[in-house]
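These are the residues of each chain, in order.
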Amino acid sequence: MAKEGAQRAEETEQMIEKEGGKEGGEGSAAGSLRAGDAKEMRAVVLSAFGGLNKLRVSKKAMPEPQEGELKIRVKACGLNFIDLMVRQGNIDNPPKTPLVPGFECSGIVEALGDSVKGFEIGDRVMAFVNYSAWAEVVCTPVEFVYKIPDDMSFSEAAAFPMNFVTAYMMLFEVANLREGMSVLVHSAGGGVGQAVAQLCSTVPNVTVFGTASSFKHEAIKDSVTHLFDRNADYVQEVKRISTDGVDIVLDCLCGENTGKGLSLLKPLGTYILYGSSNMVTGETKSFFSFAKSWWQVEKVNPIKLYEENKVIAGFSLLNLLFKQNRGSLVKGVMDKLLNLYTNKKIKPVVDSLWALEEVKEAMQRIHDRGNIGKLILDVEKAPTPLVS
């Protein structure tokens, strides 16, 4: 048994070296720890809630899989707007610090916990993680892990789970998107926005209205039907094109956009709130911005909803997975999405790759809404030298 275990460990290390050479190349970070090294790893650590100065790359003890878990040698991690809110402590019931942020990653299976079935050491996978994704090694329950298609890169795989599952479930599970409907999506150039646009294109005659910063318009104009500047009066622009409004509003902004979104709904239309990025205005948490956004939210009157035949909903993928135990539901959605990917109907849009040590700069890019698609932390990437 000991001999077999040693042989499997050697095979795993060879697989990791092989895959690392394929994606990381000679430019991989020299300090990256490998299987068989000391039981430490590099990880992004948030020492306390606040600004970018609270983030640093540190050595941490390497986790080992518990029963029902997989141990994954991480290749790439997804960076989402929710990670900015976590950094600021701008979420409900934030965890205690210090912590390792991050909720999704891709990599290679390095070890199996007891009772794990369906996976083998060396499998290429992507996974949801309840924090701790921004590290060289993670452990997560098998129900949150999915095999990567052969032609999908690790960076694409890290850009896939959060964005596409969120977009799919809002469109098809909550709003019941069908042929001929219309959708308004904010932040159309972001990861979820691009996923929404691609999924809408899989249904005949769906009209997509999108808002985005003007400098993104040239890059994303072909992915949506009608594109508006995020600072323009998009309500009047939408009504000029569609006097009845739209069937579905996907709102990641909150604040004053909640009332605007509800006003644009057709009868039997669905408004879905899935984020509140307007509450993040500075580098640190602002109670003034939080209060301002909250008071701008139109107070929903159930009688008005009844009279106008409108539906209002909320969606949080992380709560669905980690608090409401709907992992099996999400797995079914992931199976459908991977089928769409295999049939070349959808493809994750990667904005840029960043080293773990560049996490502050990557977060600032999201804060400035400069990304088109998903930002990825590439665990094996060496930091880009500063140019004098």
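Residues numbered from 1 in each chain as written. Predicted model: local features only at pLDDT ≥ 70, side-chain atom pairs only at ≥ 80, totals over all residues. Heavy atoms only, no water.

1. So, the environment of Val-125
Among the secondary structure elements, Val-125 is positioned in strand E5 (residues 124-128). According to the relative accessible area criterion, Val-125 is buried, its value standing at 0%. (Helix = DSSP H or I, 4+ residues; strand = E, 2+ residues; numbered from the N terminus. Buried < 20%, exposed > 50% of the residue type's maximum accessible area, 1.4 Å probe, protein only.)

2. Points about the nonpolar core
Core analysis: the largest hydrophobic core is formed by 100 residues, its most contacted members being Phe-128, Trp-134, Phe-160, Leu-250 and Leu-337. With eight residues, the single largest contributor to this core is helix H4 (residues 161-174). A domain split of this core shows at least three residues from each of domain 1 (40-159 + 349-378) and domain 2 (162-322). The residues contacting Leu-337, other than those within four sequence positions of it, are Phe-160, Phe-164, Val-165, Tyr-168, Leu-199 and Ile-346. Leu-184, Phe-209, Val-235 and Tyr-271 belong to the second largest nonpolar core, which has twelve residues in total. (Core = buried A, V, L, I, M, F, W, Y, C linked by side-chain atoms within 4.5 Å. Domains from an automatic or database assignment. Contact = heavy atoms within 4.5 Å.)

3. Side note on the pairing of strand E4 (residues 104-112)
Walk down a regular strand and you will see the side chains alternate between the two sheet faces. Extensive coverage of E4 is indicated by the burial of eight of its nine residues. As paired strands, strand E3 (residues 69-79) and E4 are joined by seven bridges and run antiparallel to one another. Bridging from a neighbouring strand, Val-74 pairs with Gly-107 of E4. Pairing between E4 and E5: five bridges, direction antiparallel. (Pairing = 2+ DSSP bridges.)

4. With respect to the sheet that holds strand E9 (residues 207-212)
Pairing within the open sheet is parallel, and its six strands lie in the order E10-E9-E8-E11-E12-E13. The sheet is open, and its two edges are formed by strand E10 (226-229) and strand E13 (311-314), each paired on a single side. The average angle at which neighbouring strand axes cross in this sheet is 15°, direction not considered. As paired strands, strand E8 (residues 182-185) and strand E11 (residues 246-251) are joined by three bridges and run parallel to one another. Its bridge partner lying in E11, Val-183 is registered against Ile-248. Contacts from helix H5 (residues 191-200) reach E8, E9 and E11 within the one sheet, and its direction differs from that of E8 by about 170°. Contacting E8, E9, E10 and E11, helix H7 (residues 234-241) runs over the sheet at an angle of about 155° to E10. (Axes fitted to C-alpha atoms, helices over the stretch in contact; angles between N-to-C directions.)

5. So, the side chain of Glu-136
Within the fold, Glu-136 resides in the loop between E5 and strand E6 (137-141). With a relative accessible area of 0%, Glu-136 lands in the buried category. Reaching out from Glu-136, the side chain makes a polar contact with the backbone nitrogen of Arg-42 at a distance of 2.9 Å. (Polar contact = N/O pair within 3.5 Å; in protein donor to acceptor, adjacent residues only side chain to side chain.)

6. Topic: the environment of Leu-250
Structurally, the position occupied by Leu-250 is in strand E11. Judged by its relative accessible area of 0%, Leu-250 is buried. Among residues more than four places away in sequence, those in contact with Leu-250 are Met-170, Leu-171, Val-183, Leu-184, Val-185, His-186, Val-196, Ile-272 and Tyr-274.

7. Quick notes on the side chain of Arg-124
Summarising the element assignment, Arg-124 is placed in strand E5. Its relative accessible area of 18% is what places Arg-124 among the buried residues. Within the structure, Arg-124 has its side chain in polar contact with the backbone oxygen of Pro-149 (distance 3.3 Å).

8. Observations regarding the packing of H4 against helix H12 (residues 327-342)
Where H4 meets H12, the axes come as close as 10 Å, and the angle between the chain directions of the two elements is 100°. Our classification of the angle between H4 and H12 gives roughly perpendicular. From H4, Pro-161, Phe-164, Val-165, Tyr-168, Met-169 and Glu-173 reach across to H12, where they touch Leu-329, Val-330, Val-333, Met-334, Lys-336 and Leu-337. The class makeup of the residues in the contact of H4 with H12 is ten nonpolar, no polar and two charged. (Parallel < 35°, antiparallel > 145°, perpendicular 65-115°, else oblique. Nonpolar A, V, L, I, M, F, W, Y, C, P; charged D, E, K, R; others polar.)

9. Focus on unusual backbone geometry
Here the bond from Thr-97 into Pro-98 is cis, since omega is 0°, no more than 30 degrees from zero. Looking at the secondary structure, you find Pro-98 in the loop between helix H2 (81-88) and E4. Backbone geometry places Ser-132, a non-glycine residue, at a positive phi of 75°. One can find Ser-132 in the loop between E5 and E6. A positive phi angle, near 55°, is found at Asn-325, a position not held by glycine. Owing to a relative accessible area of 63%, Asn-325 belongs among the exposed residues under this scheme.

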